[in-house]
Amino acid sequence: MADQHSLSWSCPLPAEDSERIQLAHGGGGKLTLELIERLFLPVLASPQLEARHDGAIVQLGNLQLAFTTDSYVVRPIEFPGGSIGELAVYGTVNDLAMCGAKPLFLSVGFILEEGLPLEVLKRVAHAIQRAARQAGVTVVTGDTKVVERGKGDQVFLNTSGIGVVELETPPAPARVSPGDAVIVSGDLGRHGVAILAAREGLELEGAIETDAAPLWEPVAALLRAGIEVHCLRDLTRGGLASALNEIARAARVGIEVDESAIVVSEPVAAVCEMLGLDPLYVANEGRFVAFVPWRDAERAVAALRQVP
């Protein structure tokens, strides 16, 4: 990594699009970042928001808690290897893990479209139950709302989570510094390609399933190994490339990427090539990037490889 304090980070929205929300504002890329920086941060300013992390670290007496919230809108709601239920649980517990926090409790809010078959909702609820059990968290509260037919997309979910921070100095973008090693926890692009294939009815030679999984165990493995973890970020919307851009911007550094060292499975690479997609921008739901001092890089990789 290199120090680049002289860089200018201005990236204005196109003039014709600047006054209306577009679908891309929810995609986790440049327009999402512009929306956060131009509207939300100035209006809702707080020290926790200024950290620009996956969740907020709050002090409660002698206890450091991590708090996060997320909303899930996906079509189809069931896809190879999972459903919106798993995404809602794993996405929230993973945001807590990226704060160096052991996930403990979740809330779940259901926004249901009129006419949704109860059998579908039952499957989503059971998926939430299974995922929560695997992640070691308890759903402790929730809410249900129903919108008129045609005003939703079957099921939208909102989940919030609370966890206990396991480090005296939690990982955060501000701790990233020149000389850090950047480590990706696994192969990229499987979740986004699985969703795309299910949505568009693509017939693929090799089965591609979502990589959705809870990430606290690999993070805990880094901590048990005594790795000095500077920053963690799960690679969801916008994939690895968007995550690295956000962190580089927050830390005011440049990040050198060796693409040959990044693993993309052959089926995912084939689909991306066919559709003209860059796998570094494709969403993941069970992968993260870790920033550690270069001296800890090999030990960090060895610790991650101990976790299935």
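Attention in this report is confined to the structure presented alongside it.

Reading the values: the criteria
Residues numbered from 1 in each chain as written. Predicted model: local features only at pLDDT ≥ 70, side-chain atom pairs only at ≥ 80, totals over all residues. Heavy atoms only, no water. Axes fitted to C-alpha atoms, helices over the stretch in contact; angles between N-to-C directions. Helix = DSSP H or I, 4+ residues; strand = E, 2+ residues; numbered from the N terminus. Parallel < 35°, antiparallel > 145°, perpendicular 65-115°, else oblique. Left-handed = near helix turned anticlockwise from the far one by under 90°. Contact = heavy atoms within 4.5 Å. Nonpolar A, V, L, I, M, F, W, Y, C, P; charged D, E, K, R; others polar. Buried < 20%, exposed > 50% of the residue type's maximum accessible area, 1.4 Å probe, protein only. Pairing = 2+ DSSP bridges. Expected span 1.5 Å × (residues − 1). Polar contact = N/O pair within 3.5 Å; in protein donor to acceptor, adjacent residues only side chain to side chain. Patch = residues over 30% accessible without salt bridge, like charges linked within 9 Å, V, L, I, M, F, W, Y side chains within 5 Å. Areas by Shrake-Rupley, 256 points an atom, 1.4 Å probe, with all protein chains shown as cover. Salt bridge = Lys/Arg side-chain N within 4 Å of Asp/Glu carboxyl O. Lys, Arg positive; Asp, Glu negative; His and termini not counted. Charge placed at Lys NZ, Arg CZ, Asp CG, Glu CD.

**Concerning the packing of helix α6 (residues 216-224) against helix α9 (residues 297-304)**
Consideration 1: In contact at an axis separation of 9 Å, α6 and α9 are set at 135° when each is read in the N-to-C sense. Considering the angle they form, α6 stands oblique to α9. Taken as a pair, α6 and α9 cross one another with a handedness that is right-handed. Across the interface between the two elements, P218, A221 and L222 from α6 touch A300, A303 and L304 from α9.
Consideration 2: Of the residues that constitute the contact of α6 with α9, the class distribution is six nonpolar, no polar and no charged.

**A word on the pairing of strand β12 (residues 288-293)**
Consideration 1: Counting buried residues along β12, six of its six residues qualify, which places the element largely inside the surrounding structure.
Consideration 2: Two elements, strand β9 (residues 180-184) and β12, share five bridges in a ladder whose sense is antiparallel. Counterpart to D180 in the pairing with β12 is P293.
Consideration 3: Note: strand β10 (residues 231-234) against β12, four bridges, orientation antiparallel. Within β12, the position partnered with R233 by the bridge is V289.

**What about helix α3 (residues 84-98)?**
Consideration 1: An ideal rise of 1.5 Å per residue puts 21 Å on 15 residues; α3 measures up with 21 Å between its terminal C-alpha atoms.
Consideration 2: Burial analysis of α3 places 15 of its 15 residues in the buried class, the great majority of the element.
Consideration 3: Just beyond α3, the residue with positive phi is G100, at close to 75°.

**Topic: the sheet that holds β10**
Consideration 1: In spatial order, the strands read β9-β12-β10; together these three strands make up an open sheet with antiparallel pairing. The open sheet has two free edges, formed respectively by β9 and β10, since each of these has just one partner strand. Taken pair by pair, the neighbouring strands of this sheet meet at an average axis angle of 15°, ignoring direction.
Consideration 2: Strand contacts of helix α7 (residues 239-251): β9, β10 and β12, with the helix running at about 40° to β12, the strand carrying the most contacts.
Consideration 3: Its contacts with the sheet put α9 on β9 and β12, and the angle it makes with β9 is roughly 20°.

**Some thoughts on the sheet that holds strand β7 (residues 138-147)**
Consideration 1: In spatial order, the strands read β2-β3-β8-β6-β7; together these five strands make up an open sheet with mixed pairing. Because the sheet does not close on itself, it has two edges, and the strands there are β2 (56-60) and β7. Looking at each pair of strands side by side, their axes are set apart by 20° on average, direction ignored.
Consideration 2: Pairing of strand β3 (residues 63-72) with strand β8 (residues 155-165), which is carried by eight bridges, proceeds in the antiparallel orientation. Bridging across to β8, F67 finds its partner in I162.
Consideration 3: This element, helix α4 (residues 118-135), spans β6 (101-113), β7 and β8 of the sheet and lies at about 175° to β6.

**A closer look at the environment of R199**
Consideration 1: By the element assignment, R199 lies in helix α5 (residues 190-200).
Consideration 2: For R199, a relative accessible area of 35% puts it in the partly exposed group.
Consideration 3: Along the primary structure R199 and G254 are separated by 55 residues, whereas in three dimensions their C-alpha atoms are 36 Å apart.
Consideration 4: Here R199 is in contact with R75 and P76, once residues within four sequence places are set aside.
Consideration 5: Among the polar contacts listed, one links the side chain of R199 to the backbone oxygen of R75, at a separation of 2.7 Å.

**Regarding a negative patch on the surface**
Consideration 1: On the surface, E256, D258, E259 and D278 cluster together to form a negatively charged patch.
Consideration 2: Structurally, the position occupied by E259 is in the loop between β11 (253-254) and α8 (266-275).

**Topic: the environment of G238**
Consideration 1: Counting through the fold element by element, G238 comes out in the loop between β10 and α7.
Consideration 2: You can call G238 buried: its relative accessible area is 11%.
Consideration 3: Separated by 206 residues in sequence, G238 and T32 place their C-alpha atoms 9.9 Å apart.

**A look at a nonpolar patch on the surface**
Consideration 1: The grouping of I36, L39, F40, V43, L44 and L49 at the surface amounts to a nonpolar patch, some 530 Å² of accessible area in total.
Consideration 2: If you tally residues by element for the nonpolar patch, the top one is helix α1 (residues 30-43), at four residues.
Consideration 3: If you trace the backbone, I36 turns up in helix α1.

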